[in-house]
Amino acid sequence: LDVVKYFLQLLEDDKDMSSGIAAIKTLLMILEKKQFGTIHILHTTMREAVAAMRKTDLSIAAIVSAGELFCRFITLSLDDKHMEECRQIMLNRGKIFLTKLLNSRQVISQQAQRFISDGCRILTHSRSRVVLNALIAASKNKKSFHVFVTQGGIGNSSEEMVQDLQAAGIDSTLILDSATGYVMESVDFVMVGAEAVVESGGIINRIGTYTMGLCAREMKKPFYVLAESFKFSRLYPLNQRDLPNEYKYSRKHLNDVSKVHPLVDYTPPAYITLLFTDLGILTPSAVSDELIKLYM
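Residues numbered from 1 in each chain as written. Predicted model: local features only at pLDDT ≥ 70, side-chain atom pairs only at ≥ 80, totals over all residues. Heavy atoms only, no water.

Digging into helix α4 (residues 60–74)
Helix length check: α4 (15 residues) gives 21 Å between terminal C-alpha atoms against 21 Å at 1.5 Å per residue, within 8%. The buried fraction of α4 amounts to twelve of the 15 residues, a majority that puts the element mostly inside the structure. The set of residues buried in α4 consists of Ile 60, Ala 61, Ala 62, Ile 63, Val 64, Ser 65, Ala 66, Gly 67, Leu 69, Phe 70, Cys 71 and Ile 74. (Helix = DSSP H or I, 4+ residues; strand = E, 2+ residues; numbered from the N terminus. Expected span 1.5 Å × (residues − 1). Buried < 20%, exposed > 50% of the residue type's maximum accessible area, 1.4 Å probe, protein only.)

The structure is reproduced here in structure tokens:
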């Protein structure tokens, strides 16, 4: 049972799948295919699977938080039952959990609708599937607006974002990250995705998000984050240095990070206006309460 191969194949087959969802689908597959003697063995197997998926060169933030939440959810209060019965309960719970999460982008997109008004100008950072979903939904609701998309570092995901927006009939402009300050004064708000939402209510996201947050606050523009609840992570960074290196750099550079730039940065909660999640629209200060509920 090659866990990593299965995980990567899922992402290869569906380019729009988040690494967090792929991690959950992989854990479900293990639950279905393997026999476990005890809950302890099951826990160990799941932990090993998450550790193996972390070793791929993908954003590990969503893999870690989704894996933790999934294991937490399926193993709640299973005392006094024999193993096969436990496995069936876990499988059912796992499928419910996955179904709920697969619907989360739709829920978030619905919430964002009343904030996207006709004729508004929006700034977003690189490519976020959940932001793209919300913008396409607004366009289908007969709203016309303009989206500025920053390049967001290496790779061509920003060009993909612009192509996707234009294919949906949405006016969009690709801009340099260094043009963020220039464009900020003419936009109505910023709307970004996140790779992880941390306990403070801040976010980990593609490099340059923090700069955008600083700029938005200085120019008094709302800064909205769209993120699914499986990205809620039990991390509490206080600054950029506090982020673990494995979150910031690709695996091949971990031995010496002095010569490479980070792939993500941390945007503190002070710069975030609201978070749109499948658990509701939250202020950054409400995130820790929601995290406690998720892990209860």
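Focus: the environment of Leu 243
Relative to the helices and strands, Leu 243 is located in the loop between β7 (223–226) and α11 (245–248). Judged by relative accessible area, which is 2%, Leu 243 ranks as buried. Spatially, the C-alpha atoms of Leu 243 and Ile 204 are 8.7 Å apart, while their sequence positions differ by 39 residues. Aside from chain neighbours lying at most four places away, what touches Leu 243 is Ile 204, Pro 237, Lys 248, Val 264, Asp 265 and Tyr 266. (Contact = heavy atoms within 4.5 Å.)

Examining the sheet that holds strand β5 (residues 196–197)
The sheet built from three strands is open, its strands ordered β5-β6-β8 with antiparallel pairing. Strands at the two margins of the open sheet, each flanked by one partner only, are β5 and β8 (264–267). Of the pairings in the sheet, the one linking strand β6 (residues 203–206) to β8 comprises four bridges and is antiparallel in character. Residue Arg 206 lies in a different strand from β8, and its bridge partner there is Val 264. (Pairing = 2+ DSSP bridges.)

Section: the packing of aromatic side chains
Scanning the model with the defined rule gives seven aromatic pairs in all. Note on Phe 73 and Phe 97: the rings are 5.0 Å apart at their centroids and 25° apart in plane angle, and the pair reads as stacked. Here Phe 73, found in helix α4, pairs with Phe 97, found in helix α5 (residues 83–102); they are 24 residues apart in sequence, far enough to count as distant. Its relative accessible area of 30% is what places Phe 73 among the partly exposed residues. The class for Phe 97 is buried, based on a relative accessible area of 10%. When the ring of Phe 189 is compared with that of Tyr 224, the centres are 5.4 Å apart and the planes differ by 55°; the resulting orientation is tilted. (Phe/Tyr/Trp six-rings, centres within 6.5 Å; stacked < 30°, edge-to-face > 60°.)

Section: the pairing of strand β9 (residues 274–277)
Every second residue of β9 is oriented toward a common face, with Leu 274 and Phe 276 on one face and Leu 275 and Thr 277 on the other, all of them buried. Note: β7 against β9, three bridges, orientation parallel. Following the sheet pairing, Val 225 is matched in β9 by Leu 275. Hairpin geometry of β9 and strand β10 (residues 280–282) is characterised by an intervening segment of two residues between the two adjacent antiparallel strands.

Side note on the sheet that holds β9
The pairing of strands in a sheet comes from backbone hydrogen bonds and takes either a parallel or an antiparallel form. What the seven strands build is an open sheet, ordered β3-β2-β1-β4-β7-β9-β10; its pairing is mixed. Looking at which strands have only one partner, the edges of the open sheet turn out to be β3 (171–175) and β10. Within the sheet, the average angular offset between the axes of one strand and its neighbour, ignoring direction, is 25°. Its contacts with the sheet put helix α7 (residues 129–140) on β1 (121–125), β2 (146–150), β4 (189–192) and β7, and the angle it makes with β7 is roughly 105°. (Axes fitted to C-alpha atoms, helices over the stretch in contact; angles between N-to-C directions.)

Let's talk about the pattern of salt bridges
Throughout the structure, instances matching the rule amount to twelve salt bridges. Arg 105 is paired through a salt bridge with Glu 228; the nearest N and O atoms lie 3.5 Å apart. Placement of Arg 105 in helix α6 (residues 104–112) and of Glu 228 in the loop between β7 and α11 is noted, with a sequence separation of 123 residues between them. Each member of the pair, Arg 105 together with Glu 228, is buried. The residue Asp 164 makes a salt bridge to Arg 127 at a minimum N-O spacing of 2.8 Å. With Asp 164 in helix α8 (residues 157–167) and Arg 127 in the loop between β1 and α7, this pair connects stretches of sequence that are 37 residues apart. Each of the salt bridges in this network shares a partner with another, and the network as a whole consists of Asp 16, Arg 127, Arg 129, Glu 160 and Asp 164. (Salt bridge = Lys/Arg side-chain N within 4 Å of Asp/Glu carboxyl O.)

Regarding the state of the cysteines
What we call a disulfide is simply a covalent bond connecting the sulfur atoms of a pair of cysteines. A complete count under the given rule lists zero disulfides for this structure. In this structure Cys 86 is not part of a disulfide, and its nearest cysteine sulfur, from Cys 71, lies 14 Å away. (Disulfide = S-S within 2.5 Å.)

Re the nonpolar core
Leu 27, Phe 70, Leu 123 and Val 225 are the most contacted members of the largest nonpolar core, which has 61 residues in total. It is helix α2 (residues 19–33) that contributes the most residues to this core, nine residues altogether. Counting 24 residues, the second largest nonpolar core, distinct from the first, contains Ala 112, Ala 138, Ile 170 and Leu 226. (Core = buried A, V, L, I, M, F, W, Y, C linked by side-chain atoms within 4.5 Å.)

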